[in-house]
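# Inside the fold
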Amino acid sequence: MDLTFTEHEEAFRAEARAWLEANVPRPALPSGDTREGFARHLEWERMLFDARWAVVSWPEVYGGREASLMEWLIFEEEYYRAGAPQRVTQNGIFLLAPTLFEFGTAEQQDRILPRMASGEEAWCQGWSEPNAGSDLAGITSRAVRDEAGGGWRLTGQKTWTTRGAFCDRLFGLFRTDPEADRHRGLTYFLVDLGAEGVTVRPVERLDGDEGFAEVFLEDAFVPDRDVLGGVNEGWRVAMATTGSERGLTLRSPGRFMATAARLIDLYRRHADATDPAVRDAVIRGWMDAEAYRWQTFWTVTRLMEGGRTGPESSLVKLFWSELDVRIHATALELLGPRAELVDGDDAAWMKGWQFALSGPIYAGTNEIQRNVVAERVLGLPRR
Ligand SMILES: Cc1cc2nc3c(=O)[nH]c(=O)nc-3n(C[C@H](O)[C@H](O)[C@H](O)COP(=O)(O)OP(=O)(O)OC[C@H]3O[C@@H](n4cnc5c(N)ncnc54)[C@H](O)[C@@H]3O)c2cc1C
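Since we're looking at a predicted model, the values are computed, not measured. Residue positions are given per chain, counting from 1 as you read along its sequence in written order. Confidence filtering applies because this is a predicted model: local features only for residues at pLDDT of at least 70, side-chain atom pairs given and counted only at 80 or more, and all residues used for totals across whole chains, interfaces and linings.

Numbering of helices and strands runs from the N terminus; a helix is a DSSP stretch of H or I covering at least four residues, while a strand is a stretch of E covering at least two. By this rule the span expected of a helix is its residue count minus one, scaled by 1.5 Å. In a regular helix each residue adds 1.5 Å, so 13 residues correspond to 18 Å; helix α3 (residues 69–81) covers 18 Å between its end C-alpha atoms and thus fits that length. Exposed residues have 12 or fewer other C-beta atoms within 10 Å of their own C-beta, buried residues have 20 or more, and residues in between are partly exposed; the C-beta atoms are placed from the backbone. When you tally the buried positions in α3, you get eleven out of 13 residues, the bulk of the element. Within the sequence span of α3, burial applies to M70, E71, W72, L73, I74, F75, E76, E77, E78, Y79 and Y80. Buried residues in α3 make contact with α1 (7–23), α7 (253–269) and α8 (276–304). Trailing α3 by a residue or two, G83 shows a phi angle of about 70°, which is positive. We call two residues in contact if the C-beta atoms placed from their backbones are at most 7 Å apart.

See below:
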C-alpha cells in the first residue's frame, strides 16, 4: 500500500475543495429530517449533480466522474471538511446504488440511477418491521404473484423508515415464498411510495423532526421490472446492501475526521479545559478518526486490487459508531451546561450527540455486529 497521493489525486482534491468552498450553503440548511429542510437539501443535491459532484465514482453516463474509490474517499474528506449538508439521498446513492450496480439489469440501472443521482427520485430503506429488526429474516410483509398484471401485490408494514415521509421510493424485502426456509423465501422489491395501496405515516422523533415513517402496504402493485436480483433471492441481495451500510459507503472517515477537527477547535476555545482526562479524550477522538481513515485506505486498496469486503465490515461498523458517541460525549463534557443551549456555533453538538446514540442501533445493532465478528471473523462456536 502506497501512502502517497498521486498528482492526479491531489489535483482532484484541489478541484473539489475549491468548488465546495465556493458553493457550500451558508448559513447551514435547516435539518434534512424536516419537510422544508429536505426540500432545501434536494436543491443542494441538484447543484452537486449539475457540477458532477453528486456521484463521483459512478460512470459518466449516470452523472459521475468515473473516480476511483480512493478519489471518492478524498471527495468525502473534502465534503465534510467544508461543512457541506448531510446527503438526504444517501440511502439511494450509498446503499441501493452499489447493490444495483452488482445485481440490477441494464434496464434497471439506466432507468433508476440517473434520477437517483440528480435527486429527482429519493429512496428510503424498507427492511425493519414491528417484529423484525435484528431478526431480519423474520420479515412477514408478503408479496403475492399477480400473473395477469405482470407483477406482485405487496401487503404488510415497514417501520423506522428514515425520511420515508419525504422520499419517492422504497427498497425493501418481502416474503414471496412462505413455505421456504426463512432466509430463502424473500425477494428484494423497488416500491413506488405513490402507488395505490401504500400509506406513509410520519413518526415524530423526540427532537420534533419527522425523521422516520411507518409504511403500510395493502395489495400495492409492483411490476416485475422492479424486482432486484431475482425472485426468492432477496437475502443474498440484501446482504450486499448491508455490506455497504456497515462497511464503506454509508459512513466514510471524512465525516469523523471533520467531527474530530471540530472537537479540537472546541477544546482550544475552552482554555479552562485543563482536566487531563478530557485532554486525553480529545486526543483519542482525533487518533481514532485517523486510525479509521488509514484502515479504510487499506480496505480500499484491497478492493481496488479485486478483493471483496466480507464480515469484517461488522468490525468497521462497531468502530465508527462507538467513535462517534465518544467524540460527541467529550464535546458535551467540554461544554458543560452550555451544551444545552440551542443557538450559536456549538449548538450542533447536542443534536449530533443525540444522533450519535443511534449509531449503535441502525445498520444492525452493535450486539448483532459482535455476534457476526465472533462467529464469522473469529470462528467462535455459535451459542
Ligand atoms: C436512526 C435510525 C435509523 C433507522 N433507519 C432505518 C431505515 O431507514 N430502514 C429500516 O428498515 N430500519 C431502520 N432502522 C431500524 C433499525 O434497523 C433497527 O432498529 C435495528 O435493526 C434493531 O431492530 P429493533 O429496533 O427491532 O430491535 P430488536 O431487534 O428488537 O433488538 C432489541 C435489543 O435486543 C438486542 N438483540 C436482538 N437480537 C439479539 C441477538 N441475537 N443477540 C444479541 N442481542 C440481540 C439488540 O441488539 C437490541 O439491543 C433505523 C433505526 C435507527 C435507530
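Further remarks concern the site of the ligand. Only the C-beta atom, placed from the backbone, is used; a residue is near a molecule or strand if that atom lies within 6 Å of it. Every one of the 18 residues lining the ligand counts as a neighbour, but G133, S134, T162, T365 and E367 are closest to it. Split into classes, the residues belonging to the shell around the ligand amount to six nonpolar, eleven polar and one charged. Residues are grouped as follows: nonpolar covers Ala, Val, Leu, Ile, Met, Phe, Trp, Tyr, Cys and Pro; charged covers Asp, Glu, Lys and Arg; every other residue, Gly included, is treated as polar.

Here the focus is the nonpolar core. Buried Ala, Val, Leu, Ile, Met, Phe, Trp, Tyr and Cys residues form a nonpolar core when they are connected through C-beta atoms within 7 Å. Core analysis: the largest hydrophobic core is formed by 67 residues, its most contacted members being W123, L154, L170, F189 and V191. If you count residues domain by domain, this core takes at least three from each of domain 1 (7–88) and domain 2 (123–233). For L154, the residues in contact, after removing those within four places along its chain, are S141, A143, F174, F189, V191, L217, A220 and V222. Judged by nonpolar contacts, the second largest core, of 13 residues, contains F256, L263, V282 and Y292. Where each domain starts and ends follows an automatic or database-derived domain assignment.

Here the bond from R26 into P27 is cis, since omega is -5°, no more than 30 degrees from zero. By the element assignment, P27 lies in the loop between α1 and α2 (35–50). Of note, the phi angle at E66 is positive, near 55°, even though the residue is not glycine. Structurally, E66 is set in the loop between α2 and α3. Here the phi dihedral of D219 falls at roughly 60°; this positive angle occurs in a residue that is not glycine. Relative to the helices and strands, D219 resides in strand β7 (residues 212–223). Overall, D219 belongs to the exposed group, with 12 C-beta atoms counted inside 10 Å.

A separate point is the packing of α3 against α7. A fitted line through C-alpha atoms represents every axis, and for helices the fit uses only the stretch in contact; the resulting angles, taken between N-to-C directions, go from 0 to 180 degrees. Here α3 crosses α7 at 35°, and the two axes come no closer than 8 Å. The two elements α3 and α7 cross, and the hand of that crossing is right-handed. Of the residues in α7, those touching α3 at E76, E77, Y79, Y80 and R81 are G254, R255, M257 and A258. Its residues placed into classes, the contact of α3 with α7 shows four nonpolar, one polar and four charged. Handedness of each helix crossing follows the sense of rotation of the near helix against the far helix: counterclockwise by less than a right angle gives left-handed, clockwise gives right-handed.

In this section: the environment of L42. You can see L42 is positioned in helix α2. Among all residues touching L42, those that are not within four sequence positions of it are V88 and G119.

Moving on, we come to the pairing of strand β2 (residues 142–146). Strands qualify as paired when DSSP identifies two bridges or more between them. With five bridges connecting them, β2 and strand β3 (residues 151–158) associate as antiparallel partners. Its bridge partner lying in β3, R145 is registered against W152. Between β2 and β3, which pair antiparallel one after the other, the connecting turn spans four residues, and G150 there sits at a positive phi close to 70°.

Turning our attention to the domain arrangement of the protein. Annotation of the protein at the domain level lists domain 1 (7–88), domain 2 (123–233) and domain 3 (251–377). Each partner contributes to the interface: domain 1 provides nine residues, whereas domain 3 provides nine residues. Class assignment of the residues belonging to the side of domain 1 that touches domain 3 gives a composition of five nonpolar, one polar and three charged.

Across seven bridges, β3 lies against β7 in antiparallel orientation. Across the sheet, residue G156 finds its bridge partner in β7, namely L217. As paired elements, strand β6 (residues 198–203) and β7 share six bridges and run antiparallel to each other. Across the sheet, the residue bridging to P202 is A213, located in β7.

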